[in-house]
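Take a look at the letters that make up each chain.
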Amino acid sequence: MTVRLWLQLGIYMIIFIAGLQEIPRELYEAARVDGAKRGWQTFRYITVPLLRNSSLAVLLLNVIAAFQAFDEFYNIMTGGNQILARPPLVYIYNVALSNQDYGHGSAGAMILTLIIIVFTLLQGRFLGFGKAD
């Protein structure tokens, strides 16, 4: 888990920095004029709501990356531990390439693709990804 987080941390930081740069400075100035204290209040009432789309994009990318985790698990489980935890891509790899059952392997890849699409659409529907603020 830490390897995956370390590999993807840079792109998530870029997404959040881009989101922070899109927040107009006039909102912070207006909040200060209206009496909001610097720090927690401006963070809670201005920064967090305006970073909603960036946060949803990162969440969506994390869910997709969780389904696509392969190399860490494959390298860790090269031994007798393959029964303990089997992520979908490791299973598809074992079926398609180790057992040379390419039909079942490609069917598994298509099912995994459909699962990722369904999760993406459900997240978009329930979390309101892309809606105007």
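Quick summary incoming for the structure in this document. (Residues numbered from 1 in each chain as written. Predicted model: local features only at pLDDT ≥ 70, side-chain atom pairs only at ≥ 80, totals over all residues. Heavy atoms only, no water.)

**Description of unusual backbone geometry**
Located in the positive-phi region is Q100, a residue other than glycine, with phi close to 55 degrees. One can find Q100 in the loop between α6 (88–98) and α7 (102–127). Judged by its relative accessible area of 57%, Q100 falls in the exposed class. (Helix = DSSP H or I, 4+ residues; strand = E, 2+ residues; numbered from the N terminus. Buried < 20%, exposed > 50% of the residue type's maximum accessible area, 1.4 Å probe, protein only.)

**Section: the nonpolar core**
Residues I23, Y28, A31, I46 and L51 constitute the largest nonpolar core, which totals 5 residues. Non-local contacts of A31, meaning those with residues more than four positions away in its chain, are made with A36, T42 and I46. (Core = buried A, V, L, I, M, F, W, Y, C linked by side-chain atoms within 4.5 Å. Contact = heavy atoms within 4.5 Å.)

**Here we look at a nonpolar patch on the surface**
A cluster of nonpolar side chains, namely L5, W6, L9, M13 and I17, defines an oily patch on the protein surface of about 560 Å² accessible area. By the secondary structure assignment, W6 is in helix α1 (residues 2–21). Overall, W6 belongs to the exposed group, its relative accessible area being 69%. (Patch = residues over 30% accessible without salt bridge, like charges linked within 9 Å, V, L, I, M, F, W, Y side chains within 5 Å. Areas by Shrake-Rupley, 256 points an atom, 1.4 Å probe, with all protein chains shown as cover. Salt bridge = Lys/Arg side-chain N within 4 Å of Asp/Glu carboxyl O.)

**Here we look at the environment of H104**
Looking at the secondary structure, you find H104 in helix α7. C-alpha separation for the pair H104 and I92, spaced 12 residues apart in sequence, amounts to 8.1 Å. Looking at H104, its side chain comes within polar contact range of the side chain of D101, at 2.4 Å. (Polar contact = N/O pair within 3.5 Å; in protein donor to acceptor, adjacent residues only side chain to side chain.)

**Concerning α7**
Over its 26 residues, α7 runs 37 Å from end to end, which matches the ideal 38 Å to within 8%, given 1.5 Å per residue. Among the residues making up α7, those that are buried are G105, L112, I116 and Q123. Taken together, the buried residues of α7 touch α4 (52–67) and α6. Of the residues flanking the end of α7, it is G128, one or two places downstream, whose phi is positive at about 70 degrees. (Expected span 1.5 Å × (residues − 1).)

So yeah, pure geometry; function would need other evidence.
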